[in-house]
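Structural features, examined
What follows is each chain in one-letter form.
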Amino acid sequence: MAEDKLFVSFACQRCSQSLRLDESLNSFSEHTSAELNLPIYSNPEVDLESQATSFDHYVPPCRLSDSGNGANGFMLISDENEVDLLSHQFKVQAALFDTLSGNSNIDHPLCDECTDNLIEILDQQLQIAQEDYDDYSRYYKMLQSDKDEPKLSDLEKELSDLKAEEVRLLDELSALEHEEEETKKAIQEQEAIAQKITLEEDRYWKEYTRHRRDFLVLEEEAKSLECQLNYTSNQLDKLQRTNVFNATFHIWHNGHFGTINNFRLGRLPSAPVDWSEINAAWGQTALLLSSLARKINLTFERFRLVPFGNHSHIVSLDDDKEFPLYGSGGFKFLWDTKFDSGMVAFLDCLQQFQEKVETLEKGSKAFCFPYRTNKGKIEDKDASYSIKIQLNSEEQWTKALKFMLTNLKWGLAWVSSQFKSDGEEIQSDN
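As named in an unreviewed UniProt entry, the protein chain is Beclin-1-like protein, taken from Diabrotica balteata. Taken directly from UniProt, the Sequence similarities (unreviewed entry) text for the protein chain runs: "Belongs to the beclin family."

Given below as structure tokens:
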């Protein structure tokens, strides 16, 4: 029945390989088991000789050998005698391995290779321990050979000094701890102040940003206002250098005709000017004389000028009659004399203006009108020209109107020169 038997085998506790145990491990005496159960490291306080007699009475602890089922598990199938033999051998071997494992940090059994590796490790540890032993032995021998042993009094004094130093250091440590607490409190206070300063700084930067934005906006507005001021100053300077009368009333000549704002005043057989242009020229002339008189605070006697464009007229202060300064043409001998009366009245107003200017000059001959006026006529040296149309030639009438405009131009220049302080300046057309 050998084919039906299953034998027990042990495995290496490191590599788990199956082991084949030597037959000498099947049995050993109780004395040997007791020796194996002794601790490996000797204790000087334990008397091994007194314990030697107890080896025969040593009972090993129940471990792997007491287990009904081994660590590796087994089953015996045979007759009773064989089972008892194998069970006894297993218990002996298990007890041996338990004893070896309990006396060291290494589990048993081990295979040959693992045992060799373990021996190499133990040899290295033994060598290190031997080196430590040699070092301690040398130091011990050095201490034994040292004859300058300190005296007890010196050691006690040194101990006392050390205790005093300890007390001093403890006091210093206490002072430092107190200082540390004060420093921590100061640090906390400074951190609180720093946090407050941080908040103030944030608020400051916010306000700075807002004020900076307002400053930039105001700076842009200031630059804009500065540009507007420069432009306005230039315009004011330009206006101050501008003669409002010359700018408004431009008196010049066009051949035999005197012109005001490019409107011709007069008629010639070779150049029959339309009456609408003549009427517009008279309207501009009446407006100019009225403006000059108002500028020098002159109130006309006997007549009142009414500038009304191309339908301007003059009102007599005696009987409120109106004399037109405009015409519509027609035959010379059938002409309405009201137009002539209006032109004569206008020449009378111009004469009053000239006399007012001469009065303001206080008899000074520094300024003098180029032509004199007298009862509806304009005098030029030895000749005089009537401003009426009736019983007059167109050439003389046109020349009289031209001389009248020349006097108005001179009056305009004089008024402008008297009011330079008002920002006006003469601009000569010549």
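Structural notes on the confidence of the model for the protein chain
Counting all residues, the mean pLDDT for the protein chain is 78, and 75% of those residues have values of 70 or more. Under a pLDDT of 50 for its full length, residues 1-7 has, in the predicted model, 7 contacts with residues more than four places off or in other chains. Low pLDDT (under 50) marks residues 42-46, which in the prediction has 1 contact with non-local residues, meaning those over four places away or in another chain.

Quick notes on the packing of aromatic side chains
Per the counting criterion, the structure on display carries 9 aromatic pairs. Ring geometry for W275 and F339: centres 6.2 Å apart, planes at 70°, overall edge-to-face. Here W275 is found in helix α7 (residues 275-295), whereas its partner F339 is found in helix α8 (residues 337-360), with 64 residues between them in sequence. The residues W275 and F339 share a single accessibility class, namely buried. With a centroid separation of 5.3 Å and an interplanar angle of 85°, the aromatic rings of W282 and F346 are classed as edge-to-face. Residue W282 is found in helix α7, and its partner F346 is found in helix α8; the two are separated by 64 residues along the sequence. Classification of W282 as buried rests on a relative accessible area of 0%. Feature note: the residues Y204, W205 and Y208 constitute an aromatic cluster, connected by ring pairs.

Remarks on α7
Helix length check: α7 (21 residues) gives 30 Å between terminal C-alpha atoms against 30 Å at 1.5 Å per residue, within 8%. Most of α7 is tucked away, with 16 of its 21 residues classed as buried. The first or second residue beyond α7 is N297, which carries a positive phi of 60°.

Considering the pattern of salt bridges
Evaluation of the coordinates by the stated rule reveals 12 salt bridges. Of the charged contacts in the structure, one is a salt bridge between R203 and E207, with a shortest N-O distance of 2.9 Å. Residue R203 and its partner E207 are located together in helix α5 (residues 152-240), separated by 4 residues, close to a single helical turn. A relative accessible area of 27% means that E207 is categorised as partly exposed. Put simply, E358 and R372 hold a salt bridge, and the shortest N to O gap is 2.7 Å. Placement of E358 in helix α8 and of R372 in strand β9 (residues 372-374) is noted, with a sequence separation of 14 residues between them. On the basis of relative accessibility, which here comes to 29%, the residue E358 falls in the partly exposed class.

Looking at the packing of α7 against α8
Two numbers describe how α7 lies on α8: the axes approach to 11 Å, and their chain directions differ by 30°. Overall, the two elements α7 and α8 adopt an arrangement that is roughly parallel. In the packing of α7 onto α8, the handedness of the crossing is left-handed. Judged by residue contacts, W275, W282, T285, A286, L289 and L292 of α7 engage F339, M343, F346, C349, L350 and F353 from α8. Taken together, the residues of the contact of α7 with α8 break down into 11 nonpolar, 1 polar and no charged.

Quick word on the sheet that holds β9
The strand order across the open sheet built from 3 strands is β9-β10-β11, with neighbouring strands paired in antiparallel fashion. Because the sheet does not close on itself, it has two edges, and the strands there are β9 and β11 (383-386). Neighbour-to-neighbour, the strand axes of the sheet open up by a mean angle of 30°, direction not taken into account. Here strand β10 (residues 377-380) runs beside β11; their pairing, made up of 4 bridges, is antiparallel. Looking at the pairing, I378 lines up with Y385 of β11. Along the sheet, α8 contacts β9 and β10; its crossing angle with β9, the most-contacted strand, is approximately 130°. Across the sheet, helix α9 (residues 394-418) touches β9, β10 and β11, and the angle it forms with β11 is around 100°.

Topic: the sheet that holds strand β4 (residues 257-260)
In sheet architecture, strand pairing relies on hydrogen bonds along the backbone and comes in two forms, parallel and antiparallel. Taken in spatial order, the 3 strands line up as β3-β4-β5 in an open sheet, and their pairing is antiparallel. What marks the edges here is a single partner per strand, and that holds for β3 (251-254) and β5 (263-265). For this sheet the average axis-to-axis angle between neighbouring strands, irrespective of direction, equals 40°. Inspection of the sheet shows β3 paired to β4 by 4 bridges, in the antiparallel sense. Paired with N254 across the bridge in β4 is F257. Running at roughly 90° to β5, α7 makes contact with β3, β4 and β5 of the sheet. Running over the sheet, α9 touches β3, β4 and β5 and is turned about 40° from β4.

Considering unusual backbone geometry
Here the phi dihedral of N262 falls at roughly 70°; this positive angle occurs in a residue that is not glycine. When you line up the elements, N262 lands in the loop between β4 and β5. For K375, which is not glycine, the phi torsion reads 55° and is therefore positive. Along the polypeptide, K375 turns up in the loop between β9 and β10. On the accessibility criterion, K375 (75% relative accessible area) is exposed.

Thoughts on a nonpolar patch on the surface
Judged by side-chain polarity, Y139, M142 and L143 come together as a nonpolar surface patch covering roughly 320 Å² of accessible area. With respect to the helices and strands, the residue Y139 is situated in helix α4 (residues 112-145).

What counts, and where the lines are drawn
- Residues numbered from 1 in each chain as written.
- Predicted model: local features only at pLDDT ≥ 70, side-chain atom pairs only at ≥ 80, totals over all residues.
- Heavy atoms only, no water.
- UniProt positions renumbered as here; feature names shortened; annotations may be inferred.
- pLDDT = per-residue confidence, 0-100.
- Contact = heavy atoms within 4.5 Å.
- Phe/Tyr/Trp six-rings, centres within 6.5 Å; stacked < 30°, edge-to-face > 60°.
- Helix = DSSP H or I, 4+ residues; strand = E, 2+ residues; numbered from the N terminus.
- Buried < 20%, exposed > 50% of the residue type's maximum accessible area, 1.4 Å probe, protein only.
- Expected span 1.5 Å × (residues − 1).
- Salt bridge = Lys/Arg side-chain N within 4 Å of Asp/Glu carboxyl O.
- Axes fitted to C-alpha atoms, helices over the stretch in contact; angles between N-to-C directions.
- Parallel < 35°, antiparallel > 145°, perpendicular 65-115°, else oblique.
- Left-handed = near helix turned anticlockwise from the far one by under 90°.
- Nonpolar A, V, L, I, M, F, W, Y, C, P; charged D, E, K, R; others polar.
- Pairing = 2+ DSSP bridges.
- Patch = residues over 30% accessible without salt bridge, like charges linked within 9 Å, V, L, I, M, F, W, Y side chains within 5 Å.
- Areas by Shrake-Rupley, 256 points an atom, 1.4 Å probe, with all protein chains shown as cover.

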